[in-house]
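Examining the three-dimensional arrangement
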Amino acid sequence: MMSTIEKTDSEWRQQLSPETYHVTREHGTERAGTSPLNQEKRHGMFHCVGCGNAVFPSDAKFESGTGWPSFYEPVAPHSIGTTIDHKFFMTRTEVHCADCNSHLGHVFPDGPKPTGLRYCINGVALEFMPEDEDE
Ligand SMILES: [Zn+2]
């Protein structure tokens, strides 16, 4: 697995809150409905909490009803990476930041048009930066 940002485990523990560390470095999942980003409706960009890499645009966000921030596509194909995950006897596609390898969530083939994909992302793995509406 190649990523451009390499940090030691203790560096990540210092940088991240315990919950964020658990989700992004140990492939955890936040409790559904707990992320304030579920309600985030402003125009802007969602960045990787580990390194600030832009990962999902607000334009691709949709209300999935799952309790996790959901997107139908990343900001660019190379901004994220995916791996097949066989946890819990299910085959799922894991989604991570292409730059620092932080685990973000999973992608499922039951999303809306135009991609038909549903990127189900942990809010704690994201940092939202609103765009200035006047620009
Ligand atoms: Zn990152």
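Okay, so let's go over this structure. Residue numbers run consecutively from 1 along every chain, following the written order of its sequence. For a predicted model such as this one, the threshold for reporting local features is a pLDDT of at least 70, and the threshold for listing and counting side-chain atom pairs is 80 or more; totals across whole chains, interfaces and linings nevertheless cover every residue.

1. Let's talk about the overall build of the protein
Applied cut-off: Secondary structure is summarised from DSSP: a helix means a run of H or I of at least four residues, a strand means a run of E of at least two, and numbering begins at the N terminus for each. The quantity called the radius of gyration is restricted to C-alpha atoms. Its globule counterpart is 2.2 Å times the number of residues to the power 0.38. Neighbour density around each residue's C-beta defines its exposure: 20 or more other C-beta atoms within 10 Å make it buried, 12 or fewer make it exposed, and counts between make it partly exposed, where C-beta atoms are placed from the backbone. The contact rule is simple: place each C-beta atom from the backbone, and if two of them lie within 7 Å, those residues are in contact.
Looking only at helices and strands, one finds 2 helices and 9 strands in the protein. Its C-alpha atoms give the protein a radius of gyration of 14 Å, within 12% of the compact-globule value 14 Å for 135 residues. By residue count, 31% of the 135 residues in the protein fall in the buried class. Considering only residue pairs separated by 6 or more positions, the protein has 56% of its internal contacts joining residues 24 or more positions apart.

2. Describing the sheet that holds strand E4 (residues 70-71)
Spelled out, the test is: Here, a strand pair is defined by DSSP locating no fewer than two bridges between the strands.
A sheet is described by the order of its strands in space; here 6 strands give the open sequence E3-E4-E8-E7-E6-E5, paired in antiparallel fashion. The sheet terminates laterally at strand E3 (61-62) and strand E5 (80-85), the two strands that pair on one side only.

3. Remarks on the nonpolar core
What counts, and what does not: For our purposes the nonpolar core covers buried Ala, Val, Leu, Ile, Met, Phe, Trp, Tyr and Cys residues that link as a set through C-beta atoms within 7 Å.
Counting 22 residues, the largest nonpolar core has Val55, Cys97, Leu104, Tyr119, Ile121 and Ala125 as the members making the most contacts within it. Where this core is concerned, the elements lending two or more residues are strand E1 (44-48), strand E2 (54-57), strand E6 (92-97), strand E7 (103-108) and strand E8 (118-121). The element best represented in this core is E8, accounting for 3 residues. Every residue in contact with Ile121, bar those within four places of it in the chain, is listed here: Phe56, Trp68, Pro69, Ser70, Phe71, Leu104, Gly105 and Leu126.

4. So, unusual backbone geometry
It is generally the case that most residues other than glycine have a negative phi and that most peptide bonds are trans. Each neighbour pair has its own omega, and for Lys113 with Pro114 the value is 10°, a cis peptide bond. Tracing the sequence through the fold places Pro114 in the loop between E7 and E8. You will see that His27, though not glycine, has its phi angle at about 55°, which is positive. Since 16 C-beta atoms lie within 10 Å of it, His27 is described here as partly exposed.

5. Side note on the environment of His47
Following the sequence through the fold, His47 ends up in strand E1. The exposure class of His47 is buried, given the 20 C-beta atoms found within 10 Å. Expressed as a C-alpha distance, the spacing of His47 and Leu126, which sit 79 residues apart in the sequence, is 5.4 Å.

6. Description of the sheet that holds E2
As a reminder of what qualifies: Structural elements are reduced to axes, namely lines fitted to C-alpha atoms, with helices fitted over the stretch in contact, and the angle between N-to-C directions of any two is expressed from 0 to 180 degrees.
Taken together, 3 strands build an open sheet; the order of strands is E2-E1-E9 and the sheet is antiparallel. The open sheet terminates on both sides in strands that have one partner only, identified here as E2 and strand E9 (126-130). When strand polarity is set aside, the average angle formed by the axes of neighbouring strands in this sheet is 30°. The sheet contact formed by E1 and E9 spans 5 bridges and is antiparallel. Among the inter-strand pairings, His47 is bridged to a residue of E9, identified as Glu127.

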